[in-house]
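For reference, the chains in residue letters:
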Amino acid sequence: MNGEHKITSGHRARTALVYLRQSTLMQVREHTQSTLRQYALADTAVALGWAPRDVEVIDRDLGLSGTSAAHRAGFRELMSRVCLGEVGAVLGLEISRLGRSNADLARLAEMARLTGTLLIDSDGVYDLADFNDWLVLGLKSTMSQAELHIMAGRLQAAKRAAAERGELRAPLPVGLVYDDDAMVVTDPDAEVRAAVADIFACFAAAGSAYGVVAAFAGRKFPQRAYGGAWAGQLRWAPLTHHRVLQVLKNPAYAGAYVYGRCVTRKKIDADGNVRTVTADLPRAQWPVLIKDHHPGYVSWEEYLAIEARLAANHTAAGARPVREGTALCQGIIICGGCGAPMAANYHGDDRASYECHSHRDGKKTPGCRSITAHAVDDAVAGALLAALTPEQVVLALAAAGEVTSQHQRTSRAAELAVERARYEADRAERAFAQVEPENRLVARTLEARWEAKLAALADAEQALAAAQDALPPLPDRASLAKLAADLPALWHAPTTTPRDRKRLLRTLIADVTLLPEANRAKARIGIRWHTGAADEIAIDRPRPTGVPAPTPTPATQLIRELGPVTSNNDLVAILAQRGYLTGAGRPFDIKAVQWVRHAYQIPSPSPYRGTEISVAEAARRLGCSPGVVYYWTETGQLDARRSPGGKLCIPWTPATEADCRARITSSGHLNPAARRTRPRQHR
Ligand SMILES: [Zn+2]
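Being a predicted model, the structure only gives us computed values, none of them experimental.

It is worth spelling out the overall build of the protein chain at this point. What the protein chain contains, in helices and strands, is 23 helices and 23 strands. Taking as baseline every contact in the protein chain between residues at least 6 positions apart, the subset at least 24 positions apart corresponds to 59%. For the protein chain, the exposed surface amounts to about 39,400 Å²; the carbon and sulfur share of it is 55%.

A separate point is the coordination of the zinc ion. Every protein donor of the zinc ion is accounted for by Cys 335 (SG), Cys 338 (SG), Cys 356 (SG) and Cys 368 (SG), and the metal-donor separations fall at 2.1 to 2.3 Å. Considering all four donor atoms around the zinc ion, the spread of angles at the metal, 106 to 114°, places the coordination shape in the tetrahedral class. In primary sequence terms, the donor set of the zinc ion follows C-x2-C-x17-C-x11-C. Of this pair, Cys 356 sits in the loop between β16 (352-355) and β17 (371-372) while Cys 368 sits in the loop between β16 and β17; the two residues are 12 residues apart in sequence, bridging distant segments of the chain. Each member of the pair, Cys 356 as well as Cys 368, is classed as buried.

Tallying each qualifying case throughout the model produces 24 salt bridges. The salt bridge involving Asp 121 is made with Lys 140; its shortest N-O contact spans 3.8 Å. Linking Asp 121 in strand β4 (residues 118-121) with Lys 140 in helix α6 (residues 131-164), this pair joins segments that are 19 residues apart in sequence.

This part is about helix α21 (residues 626-634). Note that an α-helix has 3.6 residues per turn; residues three or four places apart therefore point the same way. For α21, the complete set of buried residues consists of Val 628, Val 629, Trp 632 and Thr 633. Around the axis of α21, the buried residues are gathered within 135° of arc, so they sit on the same side. Contact partners of the buried residues in α21: α20 (615-622), β23 (648-651) and α22 (654-666). Count one or two residues on from α21 and you reach Gly 636, which has phi positive near 80°.

Time to look at the pairing of strand β3 (residues 87-91). Burial runs high along β3: five of the five residues are buried. Both β3 and β4 contribute to a ladder of three bridges, which runs parallel. Along β4, the bridge assignment pairs Leu 91 with Ile 120.

As a general point, the strands of a sheet are linked pairwise by backbone hydrogen bonds and lie either parallel or antiparallel. Pairing is antiparallel in the open sheet, where three strands are placed in the order β15-β16-β17. Single-partner strands in this sheet number two, and they are β15 (343-346) and β17. Pairing of β16 with β17 involves two bridges; the strand directions are antiparallel. Note on β17: the bridge partner recorded for Ser 353 is Thr 372.

Strand order in the open sheet formed by four strands is β14-β18-β19-β20, and the pairing between neighbours is mixed. Each of the sheet's edge strands pairs with one partner strand only, and the pair in question is β14 (333-335) and β20 (534-540). Pairwise comparison of adjacent strand axes, ignoring direction, gives a mean angle of 25° for this sheet. Of the pairings in the sheet, the one linking strand β19 (residues 522-529) to β20 comprises seven bridges and is antiparallel in character. Note that in β20 the partner of Ala 523 across the bridge is Ile 539. Set on the sheet, helix α11 (residues 373-387) makes contact with β14, β18 (509-515), β19 and β20; between it and β19 the angle comes to about 40°.

The grouping of Phe 131, Trp 134, Leu 135 and Leu 139 at the surface amounts to a nonpolar patch, some 420 Å² of accessible area in total. Here Trp 134 lies in helix α6. By relative accessible area, which is 39% here, Trp 134 ends up partly exposed.

With that out of the way, let us pick up the pairing of strand β11 (residues 262-268). Counting buried positions along β11 yields zero of seven residues, so the element is predominantly exposed. Here β11 runs beside strand β12 (residues 274-280); their pairing, made up of seven bridges, is antiparallel. Within the sheet, the bridge partner assigned to Thr 264 lies in β12 and is Thr 278.

This part is about the nonpolar core. Counting residues in each nonpolar core, the largest one holds 33 residues, and the members touching the most others are Cys 329 and Ile 509. If you list the elements that add at least two residues to this core, you get β14, β16, α11, α15 (487-492), α16 (498-508), β18 and β19. When residues of this core are assigned to their parent elements, the largest contribution, eight residues, is made by α11. In this structure, Cys 329 is in contact with Tyr 354, Val 376, Asp 377, Val 380, Leu 505 and Val 512, ignoring residues within four places of it in sequence. Listed in part, the 31 residues of the second largest apolar core include Leu 176, Ala 195, Val 244 and Val 298.

Along the chain, Asp 426 turns up in helix α12 (residues 390-434). Take Asp 426: its relative accessible area is 36%, and that puts it in the partly exposed class. Taking the C-alpha atoms as reference points, Asp 426 and Lys 453, separated by 27 residues in sequence, lie 8.6 Å from one another.

The backbone phi angle of Ala 182 is positive, close to 65°, even though this residue is not glycine. For Ala 182, the location among the structural elements is in the loop between β6 (176-178) and β7 (184-186). Even without being glycine, Asp 292 reaches a positive phi, approximately 55°. Among the secondary structure elements, Asp 292 is positioned in the loop between β13 (288-290) and α10 (300-312).

On to the environment of Trp 529, then. Relative to the assigned elements, Trp 529 resides in strand β19. Distance in space between the C-alpha atoms of Trp 529 and Arg 506 is 9.1 Å, their sequence separation being 23 residues. Beyond its immediate chain neighbours, meaning those up to four positions away, Trp 529 contacts Ala 383, Leu 384, Ala 387, Leu 508, Ile 509, Ala 510, Ala 534 and Asp 535. Here the side chain of Trp 529 touches Asp 535 through a polar contact of 3.0 Å, side chain to side chain.

Let us now look at the packing of aromatic side chains. Scanning the model with the defined rule gives seven aromatic pairs in all. Among the aromatic side chains, those forming a connected cluster through ring pairs are Phe 200, Tyr 253 and Tyr 297. Across from the ring centre of Tyr 178, 3.9 Å away, lies the NZ or CZ of Arg 169, which sits over that ring. The ring of Trp 632 carries the charged tip of Arg 663 above its face, separated from the ring centre by 4.9 Å.

The interhelical angle for the contact between helix α17 (residues 553-562) and helix α18 (residues 568-578), taken along N-to-C directions, is 145°, at an axis separation of 11 Å. Judged by the sense of rotation from one axis to the other, the crossing of α17 with α18 is right-handed. Taking contact as the criterion, the partners of Ala 555, Leu 558, Ile 559 and Leu 562 in α17 are, on α18, Leu 571, Ile 574, Leu 575 and Arg 578.

Attention shifts here to the side chain of Thr 633. Locating Thr 633 in the fold gives a position in helix α21. For Thr 633, a relative accessible area of 16% gives the class buried. Apart from residues no more than four positions distant in its own chain, Thr 633 is found in contact with Leu 638, Ala 640 and Leu 648.

The next point concerns α16. Along α16, the positions that sit buried rather than exposed are Arg 501, Lys 502, Leu 505, Arg 506 and Leu 508. Here the buried residues of α16 occupy an arc of 160° about the axis, which is enough to place them on one side.

Conventions and cut-offs
- Residues numbered from 1 in each chain as written.
- Predicted model: local features only at pLDDT ≥ 70, side-chain atom pairs only at ≥ 80, totals over all residues.
- Heavy atoms only, no water.
- Helix = DSSP H or I, 4+ residues; strand = E, 2+ residues; numbered from the N terminus.
- Contact = heavy atoms within 4.5 Å.
- Areas by Shrake-Rupley, 256 points an atom, 1.4 Å probe, with all protein chains shown as cover.
- Donors = N, O, S within 2.8 Å, 3.2 Å for Na, K, Ca; no water.
- Tetrahedral: all angles 85-135°; square planar, octahedral: opposite > 155°, others 65-115°.
- Buried < 20%, exposed > 50% of the residue type's maximum accessible area, 1.4 Å probe, protein only.
- Salt bridge = Lys/Arg side-chain N within 4 Å of Asp/Glu carboxyl O.
- Arc of directions from axis to C-beta.
- Pairing = 2+ DSSP bridges.
- Axes fitted to C-alpha atoms, helices over the stretch in contact; angles between N-to-C directions.
- Patch = residues over 30% accessible without salt bridge, like charges linked within 9 Å, V, L, I, M, F, W, Y side chains within 5 Å.
- Core = buried A, V, L, I, M, F, W, Y, C linked by side-chain atoms within 4.5 Å.
- Polar contact = N/O pair within 3.5 Å; in protein donor to acceptor, adjacent residues only side chain to side chain.
- Phe/Tyr/Trp six-rings, centres within 6.5 Å; stacked < 30°, edge-to-face > 60°.
- Lys NZ or Arg CZ within 6 Å of the ring centre and 35° of its normal.
- Left-handed = near helix turned anticlockwise from the far one by under 90°.

Dropping the structure here:
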């Protein structure tokens, strides 16, 4: 070997490290020759005079790219051992490729120079303390970098050119495959095709990716594996939200060929490690987009519509999608005072209100209001039902057709699963039939396999039967048409969910505004239709619960006249006699009379007779708190009577007052002076 004379006994007394590196797992799997050659370096070290026990192999970096040392634990170990000075030589297949970045290699070379460590590759031995060797290694490292750059550049240019022709082959998403002529076609497997098509159909019906996941409950979705031991195999797994989004967002399903949808960028994290992150590019920046490149599952227009729908579902970005609650205008109602969206708040028992929350960020205006949801909803729904035209009824019928096809899809998927199971059972049977009867061991295995396939077929058939049974009967089109003709009934039908109503509302109405209104008993609602037309509805604001309607004047008049001298009980009787009703149309009761008294400040007749006074008055005269007087009446120290209205009436005489005063004087609690005259306890 070149420069073998540079190896001294000092080097041989230290460890010889063989550093193994292979860029990707695929290289490790496919280029086993290179790996074998790398392991053979250990023998080279022994041949160069190291004792076998002093030769160590660092192969933790097999399958990790050499472009940066960040994740390469093996390279870090190599560096630290070299720094400690315990390494006599580092062996690699090609030293200039130990680290793919010049910086890594320069650091290793510098440390090797300081610690007198030799670097050995198939070309020879480098002693970094020797200027010549140091220069050669530096040159080789620079060359390696340049080579990498040129290679990558050529590859990229060739890839880009092929991509622009739409001929660069990339792994296809499940549901699309390359045919024998390398053309992209839909998967020949009908079950796979049905599953992919159903994702798009379910999204059209449910309107959200989570809705698709729910529709696929209990049903599996295919996935085609690329690379590795599973390459090309089809695996079925439960459908996840992430997977639905992947399918919906993939332009390949719209028949488009796209190159460069994602870019990788280098990022330096807090620890100074370089990491590669993948980011999606906006469509306008895709380097290659060829529409109608191959047959797809949706049209390009549908793809764009799906994208818009997904964006509208994205609440974090400010979108306000339809929610489950009963408040119809949730998400589309705006405060006319400040222009901010109003929130739908639910207060137990599903009563909702629309509230302007601008006060939270200090943007509240005098025109900002909140309102009970049903007041707005009733008015808006009324306007909507009045505005629905026969064309929109046709649309509703189309939606009903969608429901029907969804039913068919569900059982179609089960049918396809049965077909697949039957095919596999047939195949297992044929394999069993072909085996020589003498070959019992093989025959037994094949028989077991056949039986397993038959069991799977039975399961699939059972699932199909269950799927067909589980489908609720569909209303026929005639009765649907009748229903649609009577839209108000359909609208109010218990089977119509709030979500359905909201969807229908949003198809026609762009937004609803609670306009500022000076009269607090009224509300004005602005409706902006998608057609661009605008309507304004004035409604009476519903009174907050607990506040009765204004009482008609004759009854008020009567209560005003008789109130100061008549008890509430008597007033109720008199009002009933004359047949007066409250503003809400109910007979007067004590509560209603009390409300009128409160509203018009009509005093009640005095409950006190003769010398009787109230608790408050007694407390005032004695100069103590009312609580003391109450305590006395409760403990029987002071006589008192309850009036029919529940008030305490205390018969008050000079003698009573004298008694009370004596009680206060003797009480240490009530009379601080009395407390002070007591002899102090001395210890
Ligand atoms: Zn507001």
